[in-house]
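What follows is the residue order along each chain.
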Amino acid sequence: MKIIMKNRLNRLVGFTSGILLLTTSAFAQTDSADISPKAVLSAMQRVADWQLANPSVTAKRPATGWVQAAGDAGFMALAGISGDAKYREAMLAQGETNNWKLGPRLYDADDHCIGQTWAELYLLYREPKMIAPMREEFDRILANPPKVQSLEYAKKEDPKTRENWAWCDSLFMGPPAWAGLYAATGDEKYLNFMVTNWWRTTDFLYDKTEHLFYRDSTFFDKREANGQKVFWGRGNGWVMAGLVRVLQYLPMNHPDRPRFEQLFKDMAAKILACQQPDGLWRASLLDPESYPLKETSGSGFYTYALAWGVNQGLLDRATFEPAVRKAWAALVSCVDADGKLTHVQPIGADPKKFAPGSTEVYGVGAFLLAGSEVYRMAVLENANQARIVKISVTNPANFSRDCETVELNINPAAFGGNIKDTLLFPKGAVRVMDGVAARVLDSQAYASETSYLSPDKLVFQVDLAPHETRTYYVLDASALAAVPPPIVKTFARYVPERFDDFAWESDRIAHRTYGQALIKAEGTISSGPDVWIKKDRGLIVDTMYATKHYHEDNGSFMDDYRVGHSRGCGGLGIWDGQKLHTSSNYRNWKLITTGPIRSEFELTYDAWDAGKGRMVSETKRYSIDAGSWMTKAQSIFSSEDKSPLTIGVGLAERACPTNRVEFIAHNQAEGWLSYWQPEDKPKGVIGDTIILAKGSVIEFTNDAPNLPVAKLHANVPQPTHEGYPPIRDLLAITKAKIGQPLTYYFGACWDRSGDFTNHVQWENYVKRFAERRDQPLQVTVGN
């Protein structure tokens, strides 16, 4: 990863130059509401808790309909900043209960709205089932567009009218779901559909003079009592909130982004002018006198949008921030002591006459969305003495990066300082906030060396479109009112109950390697990693050891890899041209870190004879990141003989009955070898790979020279050799210097997981991983 420093006045640590010590702000001035992170979050949680405790009040409509979906959008915003997991768990339960389906009407945007929550949950958990039904339905729409393409809205709502985004509310319901599916899949067809149809609706319903949207075409010629055009408050609130949610997904370098931002700024200026003295907006934007009742749902959406615009630098802070403060204070004043949000205009109710105590879950959603951006504003601007570092992360490649780890140094020792000096973030109390939303990202700070007194590494993950740059904030945890509980996606531990195994996993794959105790117990001598396969994103290591259910597919995971005395998946040895000299099982272990983003540990191996009496020992460090099928291996060799070593990194070739097919692919220049194993029993197919540094592979061979390595994509019939152990190791030969790290990667997959169902898909992943290796993310610290 390439890190660029800006403004090098302060060199205490790697990103001190980007530090923001914010001691004054508009928030430090006066207003009636307590706008501090703690107060804002408290108000949000009170409203959310009331809603969770009183679902029957607003449970008269379908669980996947727009009413509930708008509320769920707010709950997801709260889940991104709250320290209580129950809000996220409530949304997960909503998805599981409804089988991740959209509403029943294929084309109606109202029934797409719930897809926003499914996409957000997918981006947190990466479970394909969360977006599968939405993807299927959106693909049907793309393949079978509505037969009626008119945006004219029938006076009596004809279902055909609603097959297009013909009413302004639809710009909140539909487009963010399509944009979210693009973000989840990287497939631009969903984004292209969204962009095209957004502008189609805008060109039809947007009044370029008033900078507001008509509700639908039936309002073109209507007028208010004061002679003004009719522009509904909540309707334009839907549009403003929809704009925000689209812009959060739209790539920063998308050609239409400036147009979306200009629309947002033009509307924001008009909305600001329509704010009433009490801080809220009325049901009619241009004739508020005829609609005197307070209304919190539209007002919540406006507060959300204006606060987001200020936070993004799209709106002038001095002009818009006072309006945000006033609006938030007014919204909070509409919350009863028990947490009930009032003054929400009911569906279909006379906007001039509705009960002050009225509430609806979409109003709660608007309130929570507003609160999330006000909270973000408070964190970034009112964190007195808190340390906040702005960083930009750029994808230099022409392909998307998903679940890509950003690694930052936060220890002065890495920059020539004294390790005992005061750290920028004491005791690793550091968190990361997304640059386009209020969500606190899962992150992990850890000490990469046991001699360090405090963490020196910070890791978190990003998704980036091709050539895109996004902004993030690294901040002292004290700036936050709470830290959301992380979703733990990696794990590693020593396993004394199973003969000193050491096991590790990500949310995609699991491995183990063998300790000395296994030699005494079973006589197995091997330093080659084993593979445990899984179908879903759960962590399985502890369950596997607890149940001892290893070798049969139990519906979720299994051990069907065969190591024996081979190199397994990514083990190595010293190559003399004919024979591979390998170490015994590991002797000592050291856990470096385990957590939501990364697990890392170190193993040491006793010296072994590398040929002709030369003794070599090895210290090996493994690390695995969330969202990856690959483990990073770094070996450092010690020997009295300082001449370079010839290393063979291997994959065990599987023995099986005749008439089975395997696929071996390799690229010497790019440094990778891929193997799609033959299936000897009906348990599915395992693919594995090793990836060395580009240009470092001398040759591909094997430790049974009479059996040549297959050519790329060759079908290789296996000899009649059933069962165990493997017949040979496929090897990538490279060089290593004594005392200097040899770094490479290995990984595996299972075709029953659904991620890779054939060798071509697996090889494409391997190729893309090698491309990612050669085009690391670029990190710029500072402004």
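Residues numbered from 1 in each chain as written. Predicted model: local features only at pLDDT ≥ 70, side-chain atom pairs only at ≥ 80, totals over all residues. Heavy atoms only, no water.

*Asks:* What is the right way to read the overall build of the protein chain from this model?
*Replies:* Helix and strand counts for the protein chain stand at 16 helices and 31 strands. Expressed as a percentage of the 783 residues in the protein chain, the buried residues total 60%. Of all intrachain contacts in the protein chain linking residues separated by at least 6 positions in sequence, the fraction that spans at least 24 positions is 73%. Taken as a whole, the protein chain presents about 29,400 Å² of accessible surface, with 49% of it coming from carbon and sulfur. (Helix = DSSP H or I, 4+ residues; strand = E, 2+ residues; numbered from the N terminus. Buried < 20%, exposed > 50% of the residue type's maximum accessible area, 1.4 Å probe, protein only. Contact = heavy atoms within 4.5 Å. Areas by Shrake-Rupley, 256 points an atom, 1.4 Å probe, with all protein chains shown as cover.)

*Asks:* Help me understand the confidence of the model for the protein chain, please; the structure alone is not making it clear to me.
*Replies:* In this model, the protein chain carries a mean pLDDT of 90, and residues with pLDDT of at least 70 account for 89%. Contacts from residues 413-423, a stretch scored under 50 in pLDDT, to residues over four places away or in other chains number 20 contacts. Long-range and interchain partners of residues 710-724, a stretch whose pLDDT sits below 50, account for 48 contacts in this model, where long-range means more than four residues apart. (pLDDT = per-residue confidence, 0-100.)

*Asks:* How should the sheet that holds strand S16 (residues 557-558) be read in this particular structure?
*Replies:* With respect to topology, five strands assemble into an open sheet ordered S12-S13-S14-S15-S16, the strand pairing being antiparallel. With one partner strand each, in any of the chains shown, strand S12 (491-495) and S16 form the two edges of the open sheet. Here S12 runs beside strand S13 (residues 501-505); their pairing, made up of five bridges, is antiparallel. The residue of S13 that forms the bridge with Ala 492 is Trp 504. (Pairing = 2+ DSSP bridges.)

*Asks:* Got a minute to help me understand the sheet that holds strand S27 (residues 699-702) in this structure?
*Replies:* Backbone-to-backbone hydrogen bonds join strands into a sheet, with any given pair of strands oriented parallel or antiparallel. The strand order across the open sheet built from five strands is S18-S17-S23-S29-S27, with neighbouring strands paired in antiparallel fashion. Each of the sheet's edge strands pairs with one partner strand only, and the pair in question is strand S18 (580-581) and S27. Two strands pair when backbone bridges link them, and strand S17 (residues 569-575) and strand S23 (residues 645-653) are joined in this way by four bridges, in the antiparallel orientation. In the sheet register, Ile 574 faces S23, and the bridge partner there is Ile 647.

*Asks:* Quick question: what am I supposed to make of helix H4 (residues 115-125) here?
*Replies:* The element H4 is extensively covered by neighbouring structure, given that 10 of its 11 residues are classed as buried. Where H4 is concerned, the buried positions are Gly 115, Gln 116, Thr 117, Trp 118, Ala 119, Leu 121, Tyr 122, Leu 123, Leu 124 and Tyr 125. Positive phi shows up at Arg 126, right after H4, with a value of about 60 degrees.

*Asks:* Hey, could you run me through the packing of helix H5 (residues 132-143) against helix H8 (residues 188-205) in this one?
*Replies:* Each pair of packed helices gets described by two things: the angle between the helix axes and the distance between those axes. Across the interface, H5 lies against H8 with an axial gap of 11 Å and an inter-helix angle of 60 degrees. As summarised for this structure, H5 and H8 are arranged oblique, according to the angle between their axes. For the pair H5 and H8, the sense of crossing is left-handed. Together, Arg 135, Phe 138, Asp 139, Ile 141 and Leu 142 of H5 and Lys 189, Tyr 190 and Phe 193 of H8 make up the contact between the two elements. (Axes fitted to C-alpha atoms, helices over the stretch in contact; angles between N-to-C directions. Parallel < 35°, antiparallel > 145°, perpendicular 65-115°, else oblique. Left-handed = near helix turned anticlockwise from the far one by under 90°.)

*Asks:* Where do I start with the nonpolar core in this structure?
*Replies:* Soluble, globular proteins show a tendency: their nonpolar side chains are buried together. One finds Leu 121, Met 194, Trp 198, Phe 260, Phe 264 and Trp 328 to be the most contacted residues of the largest nonpolar core, which totals 138 residues. Here this core takes 14 residues from helix H13 (residues 361-381), the largest share from any one element. Residues contacting Phe 264, with those up to four places away along its chain left out, are Met 240, Leu 243, Val 244, Leu 247, Ala 305, Trp 308, Gly 309, Leu 314 and Leu 315. (Core = buried A, V, L, I, M, F, W, Y, C linked by side-chain atoms within 4.5 Å.)

*Asks:* Can you help me understand the packing of aromatic side chains in this one?
*Replies:* Working definition: an aromatic ring pair is given by the centre-to-centre distance plus the angle between the planes. Under the definition given, this model contains 42 aromatic pairs. For the pair Phe 172 and Trp 238, a centre-to-centre distance of 5.0 Å together with 50 degrees between the ring planes defines the contact as tilted. Within this pair, whereas Phe 172 is found in helix H6 (residues 170-173), its partner Trp 238 is found in helix H9 (residues 233-249), the two being separated by 66 residues in sequence. On the basis of relative accessibility, which here comes to 0%, the residue Phe 172 falls in the buried class. Residue Trp 238 is classed as buried on the basis of its relative accessible area of 1%. Between Phe 502 and Trp 589 the ring centres are 5.8 Å apart and the planes differ by 50 degrees, which places this aromatic pair in the tilted class. Taken as a pair, Phe 502 in strand S13 and Trp 589 in strand S19 (residues 588-593) lie far apart in primary sequence, 87 residues in all. Among the aromatic residues, those joined into a cluster by ring pairs are Tyr 494, Phe 502, Trp 504, Trp 589, Phe 601, Tyr 622 and Phe 746. When the ring centre of Phe 219 is taken as origin, the NZ or CZ atom of Lys 222, which lies over that ring, is 4.2 Å away. (Phe/Tyr/Trp six-rings, centres within 6.5 Å; stacked < 30°, edge-to-face > 60°. Lys NZ or Arg CZ within 6 Å of the ring centre and 35° of its normal.)

*Asks:* Would you explain the environment of Ala 465 in this entry?
*Replies:* By the secondary structure assignment, Ala 465 is in the loop between strand S10 (457-464) and strand S11 (469-476). Residues within four places of Ala 465 in sequence aside, it is in contact with Tyr 182, Pro 251, Asn 395 and Ser 400.

*Asks:* How should I be thinking about the layout of surface pockets in this particular structure?
*Replies:* To find leftover empty space, a probe the size of one water molecule is rolled over the atoms. In this model, the second largest pocket occupies a volume close to 710 Å³. As for the second largest pocket, its lining consists of 30 residues, of which Trp 66, Asp 169, Arg 215, Arg 234 and Ile 347 are closest to the centre. Contributions of two or more residues to the lining of the second largest pocket are made by helix H2 (66-79) and H9. Among the elements that take part in the lining of the second largest pocket, H9 stands out by supplying four residues, more than any other. Counted by class, the lining of the second largest pocket contains 14 nonpolar, seven polar and nine charged residues. (1 Å grid on protein atoms, 1.4 Å probe; cavity = no way out; pocket = protein on both sides within 12 Å on 5 of 7 lines; lining within 4 Å. Points joined across faces, edges and corners; volume = space filled by probe spheres on them. Nonpolar A, V, L, I, M, F, W, Y, C, P; charged D, E, K, R; others polar.)

*Asks:* Before we go on, may I ask you to explain the pairing of S19 in this structure?
*Replies:* Successive side chains on a regular strand alternate, one facing one side of the sheet and the next facing the other. In this structure, S19 lies alongside strand S20 (residues 598-609), joined through five bridges in antiparallel fashion. Note that in S20 the partner of Lys 590 across the bridge is Glu 602. The loop that links S19 with its antiparallel partner S20 comprises four residues.

*Asks:* Honestly, unusual backbone geometry in this entry has me stumped. Any pointers?
*Replies:* Where the residue is not glycine, phi is negative for most of them; where a peptide bond is considered, it is trans in most cases. Here the phi dihedral of His 343 falls at roughly 60 degrees; this positive angle occurs in a residue that is not glycine. A positive phi angle, near 60 degrees, is found at Lys 612, a position not held by glycine.

*Asks:* What should I look at first to understand H9 in this one?
*Replies:* Residues spaced three or four apart along an α-helix point in a common direction, a consequence of the helix completing one turn every 3.6 residues. Over its 17 residues, H9 extends 25 Å from the first C-alpha to the last, a length consistent with the 24 Å expected when each residue adds 1.5 Å. Of all 17 residues that make up H9, 17 are buried, and the element is covered over most of its length. (Expected span 1.5 Å × (residues − 1).)

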